[in-house]
Amino acid sequence: MKDLISLDMALDIPKVISAKISIDNFNNLLAKDLCEEYDTKTLKKEIVKKFQKYREVIYMMQWKDSLGSNYRVEESHSTKHYVTDKMTDLVANNIEKQKWLTKFYKRLESISFKLTNEEIKYLVGTFFKGQSEEVLSENMGICRNTLRKIKKSCLVKMWIEMEDL
């Protein structure tokens, strides 16, 4: 249980990824041929699903933390055995979510070491800030065609790392 990440760490994922942007980043975009082997629209939809799960788990962790000591199981209208089973299921479900969140965090951290600076900006802007491609290209000072190359390479790299998550 020591290796599970905390809520604060999970909330800081964008900062951890953005911190990998450096002058000495020698990573390259993937080759166009390799990127064309994948349907990037499908990849993006699948990756978005993983980020939605991330947001749901974060929300549930924040919600449960906000309940604090006021959270208790009411035993009315149920047997003690039923309450114990419900609590066991609740705890097990929370641990599974936290394990998934830890895997997600570690995968994103690993991915960030393999991305170019521009790919990191795309990842953070798209999946954490919800920026459109037009806004991203303006913020990065590049044309949309260049952004599409960055997008394809980033999505393929992410999918390769996150497919089994």
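Look above for the structure.
None of the values given here were measured: they were computed from a predicted structure.

**Observations regarding helix α7 (residues 133–140)**
Those residues of α7 not exposed but buried are Glu133, Leu136, Ser137 and Met140. Angular distribution of buried residues about the axis of α7 spans 95 degrees; they occupy a single face of the element. In α7, the exposed positions that point more than 90 degrees away from the buried face belong to Glu138 and Asn139. On the buried face of α7, the contacting elements are α6 (117–128) and α8 (144–162).

**Let's talk about the packing of α7 against α8**
Closest axis-to-axis distance for the α7/α8 pair is 9 Å, and the angle between their directions is 105 degrees. With respect to α8, the axis of α7 lies roughly perpendicular. Between α7 and α8, the contacting residues are Glu133, Glu134, Leu136, Ser137 and Met140 on the first element and Arg144, Leu147, Arg148, Ile150 and Lys151 on the second. Among the residues forming the contact of α7 with α8, the class breakdown is 4 nonpolar, 1 polar and 5 charged.

**Side note on the pattern of salt bridges**
Applying the stated criterion across every chain, the model contains 8 salt bridges. Among the salt bridges present, the one from glutamate 96 reaches lysine 99, with a minimum N-O distance of 3.8 Å. Of this pair, glutamate 96 and lysine 99 both sit in helix α5 (residues 80–112), separated by 3 residues, roughly a single helical turn. Residue classification places glutamate 96 among the partly exposed residues on the basis of a relative accessible area of 48%. Given the relative accessible area of 41%, lysine 99 is considered partly exposed. A salt bridge links lysine 157 to glutamate 119; the nearest nitrogen and oxygen atoms lie 2.9 Å apart. Linking lysine 157 in helix α8 with glutamate 119 in helix α6, this pair joins segments that are 38 residues apart in sequence. Glutamate 119 carries the same exposure label as lysine 157, and that label is buried. Where salt bridges share partners, they join Glu133, Arg144 and Lys151 into one cluster.

Thresholds, definitions, all that
- Residues numbered from 1 in each chain as written.
- Predicted model: local features only at pLDDT ≥ 70, side-chain atom pairs only at ≥ 80, totals over all residues.
- Heavy atoms only, no water.
- Buried < 20%, exposed > 50% of the residue type's maximum accessible area, 1.4 Å probe, protein only.
- Helix = DSSP H or I, 4+ residues; strand = E, 2+ residues; numbered from the N terminus.
- Arc of directions from axis to C-beta.
- Contact = heavy atoms within 4.5 Å.
- Axes fitted to C-alpha atoms, helices over the stretch in contact; angles between N-to-C directions.
- Parallel < 35°, antiparallel > 145°, perpendicular 65-115°, else oblique.
- Nonpolar A, V, L, I, M, F, W, Y, C, P; charged D, E, K, R; others polar.
- Salt bridge = Lys/Arg side-chain N within 4 Å of Asp/Glu carboxyl O.

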